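Structure assessment
The chain contents come next:
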Amino acid sequence: MSQFAVFGLGAFGQRMVEELMRSGNEVIVVDRDTAMLDDFQNQATVCYGIDVVKEDVVRQKIPASIDAAIVDLGNKSEASILLTSYLKKMGVAQIIVKAESDEMAEVLSMVGATRVVFPGRDIAISLTAQLLSPSLLRFMAIGGGLVIAQMIIPERFVGLRLIDSNIRSEYNVNILAWKEERGDDFTIITPEHVFSKDEVILALLEEERISDFSQQLERDSSPGVLRNLFQLFFKAE
């Protein structure tokens, strides 16, 4: 069982607590607003109503051995920076911090954040790409400017072997795996794989090319795509 600490109960922080608890993990919840903590007393492993700008208090309550810390202190930039630096000095392995601006993200990275997130911006980018690109089902950033994208195979490639499709040379995209549209599990793709209608592929490509690539591979929308857009929209903050 993994152990996490969530600092701040903004929309992002609350969602992280809920998802981590649902997966059966130990979660330490920290927020100065004790009224906010009341809603999580029966969900979290332990709740602390402490001031996170006090380093000695943070060290006393939070074990350095936690698997990750998630920080969502809203627009309290100074507190986010201080807390991130404390967690870094403590040796916390992963420090994920919500930022409000690119400048803030740069500072957080400098003081120890291993990952900086922009929940609202990330959802907007993802939703825009999907709205403009019907074949794109979803994608996930994996760092280094790369994403793994899940999309329906365009009709122009149906009947072709991967090795003959020239997807990599023409689009600079690597196809990793495939599955049937209604299937659950992906299968590692081979050069000899022949694409079939309504297959879903898992592709590795640069994030800045996601919209251009998926729009180049035109395809009519499907109910599956619309369901994913609906779910993504109503999970947005």
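Structure report, in brief. Every chain begins its residue count from 1, and numbering advances along the sequence as written. Local features in this predicted model are restricted to residues whose pLDDT is 70 or higher, and side-chain atom pairs enter the listing and the counts only when it is 80 or higher, whereas totals over whole chains, interfaces and linings include all residues. Here the side-chain values reflect all heavy atoms present in the structure, with hydrogen atoms and water set aside.

In terms of nonpolar packing, the biggest core is built from 27 residues, with F7, V52, V58, I62, L83 and L87 touching the most fellow members. Counting from the N terminus, the helices are the DSSP runs of H or I reaching at least four residues and the strands are the DSSP runs of E reaching at least two. Elements with a contribution of two residues or more to this core: strand 1 (3-7), strand 2 (26-30), helix 3 (55-61), strand 4 (68-71), helix 4 (77-90), strand 5 (95-98) and helix 5 (102-111). Among the elements that make up this core, the one with the highest residue count is helix 4 (five residues). Apart from residues lying up to four places away in sequence, V58 is in contact with V52, L83, Y86, L87 and M90. Only buried Ala, Val, Leu, Ile, Met, Phe, Trp, Tyr and Cys residues count toward a nonpolar core, and they belong to the same one when joined by side-chain atoms within 4.5 Å. Residue exposure (1.4 Å probe, protein chains only): buried if accessible area is under 20% of the type maximum, exposed if over 50%, otherwise partly exposed. Should any heavy atoms of two residues lie within 4.5 Å, those residues are considered in contact.

Between the first and last C-alpha of helix 4 there are 20 Å, a value that for 14 residues agrees with the 20 Å anticipated at 1.5 Å per step. Turning to helix 4, its buried residues number three or more, namely A79, S80, L83, T84, S85, Y86, L87 and M90. Residues of helix 4 that are buried sit in contact with strand 1, helix 3, strand 4, strand 5 and helix 5. Given a helix with a known number of residues, its expected span is that number minus one, times 1.5 Å.

Backbone hydrogen bonds are what pair the strands of a sheet, in a parallel or an antiparallel way. The strand order across the open sheet built from six strands is 3-2-1-4-5-6, with neighbouring strands paired in parallel fashion. Among the strands making up the open sheet, the edge pair consists of strand 3 (46-48) and strand 6 (115-117). Each neighbouring strand pair of the sheet contributes to a mean axis angle of 15°, computed without reference to strand direction. In short, DSSP must find at least two bridges between two strands for them to pair. With four bridges connecting them, strand 1 and strand 4 associate as parallel partners. Bridge pairing links V6 to I70 in strand 4. Note on geometry: axes are lines fitted to C-alpha atoms, helical ones only across the stretch in contact, with angles between N-to-C directions running from 0 to 180 degrees.

Considering the arrangement of structural elements, one finds F157 in the loop between strand 8 (146-152) and helix 7 (162-165). It is 8.8 Å that separates the C-alpha atoms of F157 and V194, two residues lying 37 residues apart in sequence.

Helix 5 packs onto helix 4 with a crossing angle of 25° between their chain directions and a minimal axis gap of 8 Å. As summarised for this structure, helix 4 and helix 5 are arranged roughly parallel, according to the angle between their axes. Crossing geometry of helix 4 relative to helix 5 is assigned as right-handed. Two secondary-structure elements touch here, helix 4 through S77, S80, I81, T84, S85 and K88 and helix 5 through M104, V107, L108 and V111. Just so you know the grouping, Ala, Val, Leu, Ile, Met, Phe, Trp, Tyr, Cys and Pro go in nonpolar, Asp, Glu, Lys and Arg go in charged, and all remaining residues, Gly too, go in polar. A breakdown of the residues in the contact of helix 4 with helix 5 according to their chemical character gives five nonpolar, four polar and one charged. What sets the label is the angle itself: under 35 degrees gives roughly parallel, over 145 gives roughly antiparallel, 65 to 115 gives roughly perpendicular, and the rest give oblique. Two helices cross in a left-handed way if the nearer one is turned anticlockwise from the farther one by less than a right angle. They cross in a right-handed way if the turn is clockwise.

The subject of this paragraph is a nonpolar patch on the surface. A contiguous nonpolar patch, built from M140, I142 and L146 and spanning about 260 Å² of accessible area, is present on the exposed surface. Tracing the backbone shows I142 in strand 7 (residues 136-143). Looking at I142, the relative accessible area reads 44%, which means it is partly exposed. Candidate patch residues must exceed 30% relative accessible area and have no salt bridge, after which like charges are joined if within 9 Å and Val, Leu, Ile, Met, Phe, Trp or Tyr side chains if within 5 Å. Surface accessibility follows the Shrake-Rupley procedure with a 1.4 Å probe radius. Residue values consider only the protein chains on display as shielding. Criterion for a salt bridge: a side-chain nitrogen of Lys or Arg within 4 Å of a carboxyl oxygen of Asp or Glu.

Along the polypeptide, R161 turns up in the loop between strand 8 and helix 7. For R161, a relative accessible area of 30% gives the class partly exposed. A C-alpha to C-alpha distance of 6.8 Å links R161 and P191, two positions 30 residues apart in sequence. Each residue touching R161, except ones within four places of it in the same chain, is listed here: P191, E192, H193 and V194.

Judged from the six bridges that link them, strand 9 (residues 174-180) and strand 11 (residues 199-206) form a sheet pairing that is antiparallel. Bridge assignment links A177 to a residue of strand 11, and that residue is L202. Sheet topology places strand 9 next to strand 10 (residues 187-188); two bridges connect them, and they run antiparallel. For W178, the partnering residue across the bridge sits in strand 10 and is T187.

Bringing helix 5 into the picture now. Among all positions in helix 5, only M104, A105 and L108 are buried. Taken around the axis of helix 5, the buried residues stretch over an arc of 100°, which confines them to a single face. Facing away from the buried surface of helix 5 by more than 90 degrees, the exposed residues are E103, E106 and M110. Check the buried side of helix 5 and you find it contacts helix 4, strand 5 and strand 6. G112 lies just past helix 5 and shows a positive phi near 135°. The directions considered for the arc run from the helix axis to the C-beta atoms.

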